[in-house]
Amino acid sequence: QKLAKSAPLGFGMLRLVSGVEHLVEKQFHRYARNISNLWSASNTDKYYDDWSFKAYLIDRHVMQPVIDGILHRVTSMHSSLRWELQVIAGLHHPCIPIECCYTTNDNITNSQKMVLNYSIPACVDSRFGFQAERYLFKLAPTYSLNVPLVSVMYREDSWSAEKEAASKKQKQYINDLISLQTPLPQFVSIGCNRLLT
C-alpha cells in the first residue's frame, strides 16, 4: 500500500523491475541524484524500454474503463453467457484497422487523412509492432520505479547476458541501499544487513 501511495496520482500501471542493464542504471542514478525522483513516467516511444519489465502493480479503478472497452459480455444460442475480447493495435501509416481511425483535414496538403483515434480504449499506437507489454503501457498512465527493491532471476536463453548484467546492477544498487550509501525510500525498511552476492 505504501509503495502504491508513493506513486503519481492517477496511475494505471506501475512497473517495478527491469531486466535491461542500461535502464536499471539510468533509473537508479536518477533516484540517487534526488531521492524525490522515485518514479519516472514511462516513455513508450523508446522500443527498448518496454519489453523488459518483470513485475507490475495495476490500479483496477483506472483500468476499469479500458477493460470495459475490450471485454464484452455476449449471449449466444449455445450458452446463456460468454465473454468476447476486442483487442486492436492501431498503426499510423497507413492508419489501420479502420475501427481505430477517423478522417481529419490536413492543412499542409489541403487534403484529408486518416489518423489514429486514441479515445477508443482498445486502440493504441503500435508503431513498433504488437507487443503485449507495449499495448498495456499505452492504455493508461504508466510509471517505472527508479530504485530496485528486488533483483531479477535470469535463465539461459537468447537474452541471458542482458538479464545477467541487469541482475548484477540491481544487486549492486540494492547493496548501496542496504549499506545506506544511498538513502532508502520512506516506505522501505531493511529486513537484514546481509549484502547480496
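Counting of residues starts from 1 at the beginning of each chain's written sequence and follows it residue by residue. Reporting of local features is limited, given that this is a predicted model, to residues whose pLDDT is at least 70; pairs of side-chain atoms are given and counted only at 80 or more, and all residues count toward the totals for whole chains, interfaces and linings. Based on all heavy atoms of the structure, the side-chain values leave hydrogens and waters out of the count.

1. Examining the pairing of strand β7 (residues 101-106)
As defined by bridge partners, β7 adjoins strand β8 (residues 111-116) across 6 bridges and the pair is classed as antiparallel. Looking across to β8, one finds that Tyr-102 is bridged to Val-115. Here, any two strands with at least 2 DSSP bridges between them count as paired. Starting at the N terminus, helices and strands are each numbered in turn, a helix being any DSSP run of H or I of at least four residues and a strand any DSSP run of E of at least two. The hairpin turn running from β7 into β8, its antiparallel successor, is 4 residues long, and Asn-110 in that turn takes a positive phi close to 55 degrees.

2. Some details on the packing of aromatic side chains
Two rings belonging to Phe, Tyr or Trp (six-membered ring only in the last case) form a pair when the distance between their centres is within 6.5 Å. Interplanar angles under 30 degrees mark stacking, angles over 60 mark edge-to-face geometry, and anything in between is tilted. Tallying each qualifying case throughout the model produces 2 aromatic pairs. In textbook terms, an aromatic cluster arises when at least three aromatic residues are bridged by ring pairs, as seen for Phe-28, Tyr-31 and Tyr-173.

3. Focus: the nonpolar core
Within the largest apolar cluster, 17 residues are counted, with the highest numbers of intra-cluster contacts made by Leu-14, Leu-16, Tyr-31, Leu-38, Trp-39, Leu-145 and Val-147. Sorting the residues of this core by element identifies β1 (13-18), α2 (21-33), β10 (142-145) and α5 (160-178) as the ones contributing at least two each. We define a nonpolar core as any set of buried Ala, Val, Leu, Ile, Met, Phe, Trp, Tyr and Cys residues linked to one another through side-chain atoms lying within 4.5 Å. The cut-offs for exposure are 20% and 50% of the maximum accessible area for each residue type, with area from a 1.4 Å probe on protein chains only; residues under the lower value are buried, those over the upper are exposed, and the others partly exposed.

4. Quick notes on the environment of Leu-196
With respect to the helices and strands, the residue Leu-196 is situated in the segment after α5. Among the residues examined, Leu-196 registers a relative accessible area of 34% and is labelled partly exposed. Residues Leu-196 and Asn-175, spaced 21 residues apart in sequence, show a C-alpha to C-alpha distance of 6.4 Å. What makes two residues a contact is simply this: any of their non-hydrogen atoms within 4.5 Å. Other than its neighbours up to four places away in sequence, Leu-196 contacts Lys-171, Ile-174 and Asn-175.

5. Some remarks on the pattern of salt bridges
Any two side chains of opposite charge can pair if their charged atoms end up close together. Salt bridge, as used here: a side-chain nitrogen of Lys or Arg that lies within 4 Å of a carboxyl oxygen of Asp or Glu. Tallied over the full model, the rule gives 2 salt bridges. Residue Glu-25 pairs with Lys-169 through a salt bridge whose shortest N-O separation is 3.6 Å. Here Lys-169 lies in helix α5 and Glu-25 lies in helix α2, a separation of 144 residues in the sequence. The partly exposed category is assigned to Glu-25, whose relative accessible area is 27%.

6. Some remarks on the side chain of Asn-175
When you line up the elements, Asn-175 lands in helix α5. Residues in contact with Asn-175, not counting those within four places in the same chain, are Leu-195 and Leu-196.

7. With respect to the side chain of Asp-176
Structurally, Asp-176 is set in helix α5. A positive count includes Lys and Arg, and a negative count includes Asp and Glu. His and the chain ends are not counted in either. This buried residue, Asp-176, is left without a salt bridge; Lys-169 holds the nearest opposite charge, at 9.2 Å. With near-sequence residues (within four places) excluded, Asp-176 lies in contact with Phe-28, Gln-181 and Thr-182.

8. Concerning helix α3 (residues 60-70)
Within the span of α3, buried status applies to Met-63, Val-66, Gly-69 and Ile-70. All buried residues of α3 lie within an arc of 105 degrees about the axis, which places them on one face of the element. Those residues of α3 that are exposed and aimed more than 90 degrees away from the buried face are Arg-60 and His-61. Polar contact is defined as a pair of N or O atoms within 3.5 Å, subject to the rule that within protein one atom must be able to donate a hydrogen and the other to accept it, and that residues adjacent in sequence are counted only when both atoms are side-chain atoms. Of the residues flanking the start of α3, the one acting as N-cap is Asp-59, its side-chain oxygen 2.8 Å from the backbone nitrogen of His-61. This arc is taken over the directions from the axis of the helix to the C-beta atoms.

9. Some points on the environment of Cys-95
Relative to the helices and strands, Cys-95 is located in the loop between β6 (88-90) and β7. Taking relative accessible area as the criterion, Cys-95 reaches 9% and is therefore assigned buried. Residues Cys-95 and Met-114, spaced 19 residues apart in sequence, show a C-alpha to C-alpha distance of 5.9 Å.

10. Notes on α2
With 13 residues, α2 extends 18 Å from end C-alpha to end C-alpha; this agrees with the ideal 18 Å at 1.5 Å per step. When α2 is considered as a whole, its buried residues turn out to be Leu-23, Val-24, Gln-27, Phe-28 and Tyr-31. Taken down its axis, α2 places every buried residue within 120 degrees of arc, on the same side. An expected span of 1.5 Å times one less than the residue number is assigned to each helix.

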